[in-house]
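# Structural overview for review
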Amino acid sequence: MNLEEIARLCHDITQSYLDISEGVSPIIVETQEAIKLSRKHIMEEIFNRWCPISGEISFSYNGGKDCQVLLLIYLGCLWKYYLDNKDKFNWDKFPLERLPTVFIASEETFTSLELFINSSVERYNLNLYKSQLDKTRKISMAEAFDIFLKEYPITKSILIGVRRTDPFGEHLSPIQKTDLNWPSFVRLQPLLHWKLAHIWSFLLYSNEPICGLYSVGFTSIGSISQTTPNPSLKKLTNSEDSKLSLSFDWEINNSYPNSMVKKSEVNISKLTDEDITLLSTFGEFHPGWYLIDDKLERSGRIKK
Ligand code: FAD
Ligand code: MG
Ligand code: MG
C-alpha cells in the first residue's frame, strides 16, 4: 500500500469505529468522543496553522501503542485533508509520498520493538529519521531533537502521542511550545485526553498489527534494563486470576476486516528469539490489554 492507500484505510477504520452503534460499551462511547476531539485538534487547529504536506509537521514515533493510535487517526485526517483540497489545488494524485517521522534511538531497545518500527516504516510509508547513537556518551532526548532540527530545519511542529496520565502530562496543552531547556518548536499533542482503555479499544478494533511485546504482558515499553511485563498481569492460579477480565471482547470479535488475520485473533507482530529467551525468565502474563487502570500502566517500569 502507498501512503494514499494506507491513509484511506486509516480514515475508513476511524470512521467505522465512529459508526459503531451495536453492542456499544461505555468505553466505546467515550473513545468515539475522544477520537472526535483529536480529529478536531488536527483538522481545525493544526492543519490551519501548518501545512501537512510541506514537511513543517513531523511525527515522533517509537512503535508504542499511543503514537500508533495517533498515527492511525492522523493519517485518516490526512486523507480527509486530501479530499477537501483536491479540487482547490488541482491535485491529480496524493500530494505526499512518505510521512516525515522521527525516532530517537537508545542503545537498549527490545529487538522486537525495533523490528516493529521497521515494519511500521513499510506499512505506513514513513520517512523515518533515526537518531545516531554516540558510544562515548548518552545523548538526551532534547539534544537528539536539536540535532534532528539542524538536519531538518523545515520542521516547525512535531506530533507526540503523550497522554495526561503520563508522568508530567497533567498540565500539558494540545498545542504548545517546547520548554526553555528544549530546542524551539511546537509540540502537537492531540491525544492528551485519551485514557488507557480508549487506546486499547481503538487499537484492538483497528486490527492493525501491534507490537508483539504487548501480547506478553507489557503495557508500557521503555529500555530493556528498565522494563518488565506488568506485574499486575502476572498469571496466578485460576481462582486468584478472576480479578482480571478482558474489556475488549467486542472489539476483538468485531474488529475492522483485515484479510491477513483470522476473526477473533489479535494482530500482533512477531517477537524475536532474543526477546522470547529474555522474557522466559519472567513467567507467564496476560496480554497488556487486560489492564485498563491508567495508574498501573507503568508498573512494569523499574525505577533507577
Ligand atoms: P511514551 O508513552 O513512551 O511516549 C509518549 C510519546 O512521546 C510517544 O507516543 C511518542 O510520540 C514520543 N516518544 C517517546 N519516546 C520517543 C522516542 N524515543 N522517539 C520518538 N518519539 C518518542 N519534555 C519536556 O519536559 N519539555 C519539552 O518541551 C518536551 N518536548 C518534547 C518534544 C517531543 C517531540 C517529544 C517526543 C518529547 C518531548 N518531551 C519534552 C518529553 C516528553 O514529555 C516525554 O517525557 C517523552 O516523550 C517520553 O515519553 P514517555 O516515555 O514518558 O511516554
Ligand atoms: Mg505512552
Ligand atoms: Mg517511552
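Residues numbered from 1 in each chain as written. Chains lettered and ligands numbered in written order. Predicted model: local features only at pLDDT ≥ 70, side-chain atom pairs only at ≥ 80, totals over all residues. Heavy atoms only, no water.

If you check an unreviewed UniProt entry, the protein chain appears there as FAD synthase from Vanderwaltozyma polyspora. As stated in UniProt under Pathway (unreviewed entry), the record for the protein chain gives "Cofactor biosynthesis; FAD biosynthesis; FAD from FMN: step 1/1." Regarding the protein chain, the relevant UniProt record gives this comment under Catalytic activity (unreviewed entry): "FMN + ATP + H(+) = FAD + diphosphate". (UniProt positions renumbered as here; feature names shortened; annotations may be inferred.)

### Considerations on the site of ligand 1
Among the 20 residues in the neighbourhood of ligand 1, the closest are listed as Ser60, Ile104, Gly161, Asp179 and Arg298. Ile104 places a polar main-chain atom, nitrogen or oxygen, 2.9 Å from a nitrogen atom of ligand 1. For ligand 1, an oxygen atom lies 3.0 Å from a polar atom in the side chain of Arg298. Compared with its free state, where it exposes 870 Å², ligand 1 has 80% of that area covered by protein. Mapped onto the shell around ligand 1, the elements with two or more residues apiece are α3 (65-85), β2 (99-103) and α5 (141-151). Considering only residue class, the shell around ligand 1 consists of twelve nonpolar, four polar and four charged. (Near = heavy atom within 4 Å. Polar contact = N/O pair within 3.5 Å; in protein donor to acceptor, adjacent residues only side chain to side chain. Areas by Shrake-Rupley, 256 points an atom, 1.4 Å probe, with all protein chains shown as cover. Helix = DSSP H or I, 4+ residues; strand = E, 2+ residues; numbered from the N terminus. Nonpolar A, V, L, I, M, F, W, Y, C, P; charged D, E, K, R; others polar.)

### Side note on empty space enclosed by the protein
Counted under the stated rule, the structure contains one cavity of 30 Å³ or more. The volume enclosed by the largest cavity comes to roughly 60 Å³. For the largest cavity, the full set of lining residues is Leu203, Leu204, Asn207, Glu208, Ile210, Ile252, Ser255, Glu265, Val266 and Asn267. Its residues assigned to classes, the lining of the largest cavity comprises five nonpolar, three polar and two charged. (1 Å grid on protein atoms, 1.4 Å probe; cavity = no way out; pocket = protein on both sides within 12 Å on 5 of 7 lines; lining within 4 Å. Points joined across faces, edges and corners; volume = space filled by probe spheres on them.)

### Details of the sheet that holds strand β5 (residues 175-177)
Strand order in the open sheet formed by six strands is β3-β2-β1-β4-β6-β5, and the pairing between neighbours is mixed. The open sheet has two free edges, formed respectively by β3 (126-130) and β5, since each of these has just one partner strand. Each strand of the sheet is rotated relative to its neighbour by a mean of 30°, with strand direction disregarded. Inspection of the sheet shows β5 paired to strand β6 (residues 186-188) by three bridges, in the antiparallel sense. (Pairing = 2+ DSSP bridges. Axes fitted to C-alpha atoms, helices over the stretch in contact; angles between N-to-C directions.)

### Here we look at the domain arrangement of the protein chain
When the domains of the protein chain are assigned, the result is domain 1 (3-188) and domain 2 (209-296). Its C-alpha centre places domain 1 at a distance of 24 Å from the equivalent point of domain 2. Taken together, the 24 residues of domain 1 in the interface contact 26 residues of domain 2. Regarding the contact of domain 1 and domain 2, the summed buried area is about 2100 Å², with carbon and sulfur atoms giving 64% of it. (Domains from an automatic or database assignment. Contact = heavy atoms within 4.5 Å. Buried area = accessible area lost by both parts, 1.4 Å probe.)

### Remarks on the nonpolar core
Counting 74 residues, the largest nonpolar core has Phe47, Phe59, Leu75, Leu99, Trp194, Phe202 and Leu213 as the members making the most contacts within it. Secondary structure elements with two or more residues in this core: α1 (3-18), α2 (26-49), β1 (57-60), α3, β2, α4 (111-123), β6 and α6 (196-206). No other element matches α3, which puts 13 residues into this core. Split by domain, this core shows at least three residues from each of two domains, domain 1 (3-188) and domain 2 (209-296). (Core = buried A, V, L, I, M, F, W, Y, C linked by side-chain atoms within 4.5 Å. Buried < 20%, exposed > 50% of the residue type's maximum accessible area, 1.4 Å probe, protein only.)

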